[in-house]
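Here is how the chains run, residue by residue.
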Amino acid sequence: MTALFWLIDAVLGFYYFLLIVTIIMSWLVAFGIINSYQPFVQTIQRFLYAVTEPALAPIRRTLGRFLPSLGGIDISPIILIFLIFALRVLLRSDIAPLFGIYAY
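Residues numbered from 1 in each chain as written. Predicted model: local features only at pLDDT ≥ 70, side-chain atom pairs only at ≥ 80, totals over all residues. Heavy atoms only, no water.

Chemist: Report on the packing of helix α2 (residues 39–66) against helix α3 (residues 76–98), specifying residues and quantitative values.
Modeler: The N-to-C vectors of α2 and α3 enclose an angle of 115 degrees; their axes lie 9 Å apart at closest approach. By the angle between their directions, the pair α2 and α3 is classed as roughly perpendicular. At the point where α2 passes α3, the crossing takes the right-handed sense. The residues of α3 that touch α2, namely those facing Ala55, Leu56, Ile59, Arg60 and Leu63, are Ser76, Pro77, Ile79, Leu80 and Leu83. Across the contact of α2 with α3, the residue classes break down as eight nonpolar, one polar and one charged. (Axes fitted to C-alpha atoms, helices over the stretch in contact; angles between N-to-C directions. Helix = DSSP H or I, 4+ residues; strand = E, 2+ residues; numbered from the N terminus. Parallel < 35°, antiparallel > 145°, perpendicular 65-115°, else oblique. Left-handed = near helix turned anticlockwise from the far one by under 90°. Contact = heavy atoms within 4.5 Å. Nonpolar A, V, L, I, M, F, W, Y, C, P; charged D, E, K, R; others polar.)

Chemist: Help me get a handle on a nonpolar patch on the surface, residues and values and all.
Modeler: On the surface, a cluster of nonpolar side chains totalling about 530 Å² of accessible area is made up of Met1, Leu4, Ile8, Leu98 and Phe99. Considering the arrangement of structural elements, one finds Leu98 in helix α3. Overall, Leu98 belongs to the exposed group, its relative accessible area being 70%. (Patch = residues over 30% accessible without salt bridge, like charges linked within 9 Å, V, L, I, M, F, W, Y side chains within 5 Å. Areas by Shrake-Rupley, 256 points an atom, 1.4 Å probe, with all protein chains shown as cover. Salt bridge = Lys/Arg side-chain N within 4 Å of Asp/Glu carboxyl O. Buried < 20%, exposed > 50% of the residue type's maximum accessible area, 1.4 Å probe, protein only.)

Chemist: I'd like to hear about the side chain of Asp9, residue by residue, with values.
Modeler: Relative to the helices and strands, Asp9 resides in helix α1 (residues 2–30). In contact with Asp9, other than residues within four places in its own chain, are Arg88, Leu91, Arg92 and Tyr104.

Chemist: An account of the nonpolar core is needed here, citing residue identities and associated values.
Modeler: By size, the foremost hydrophobic cluster in this structure holds 10 residues: Leu12, Tyr15, Leu19, Ile23, Leu56, Ile59, Leu63, Leu80, Ile81 and Ile84. Looking at this core, the elements that each hand over two or more residues are α1, α2 and α3. Considering each element in turn, this core owes the most residues, four residues, to α1. Dropping the residues within four chain positions of it, Ile23 is found in contact with Pro77 and Ile81. (Core = buried A, V, L, I, M, F, W, Y, C linked by side-chain atoms within 4.5 Å.)

See the structure below:
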């Protein structure tokens, strides 16, 4: 059971890393530091979009209903990062101890 909790935590940590890379890539493209027309950059962007967009799209839709336009600023990755942190804390402090696992 410890391995299962470790695996879930590792997957959440890797997804957090992918979100950070997505944010940095979008900044680098927006500021013209990297050329988004290069095939390698396009491949990375397509991969990151395919992996992160299914989780970010519902957050964007929900924010669009409750918040006014922020002028092109997308805060959905930040909200998803907070949700990942909250889920990891919940997993470590509340869910794993229910199964007798106090450290992994």
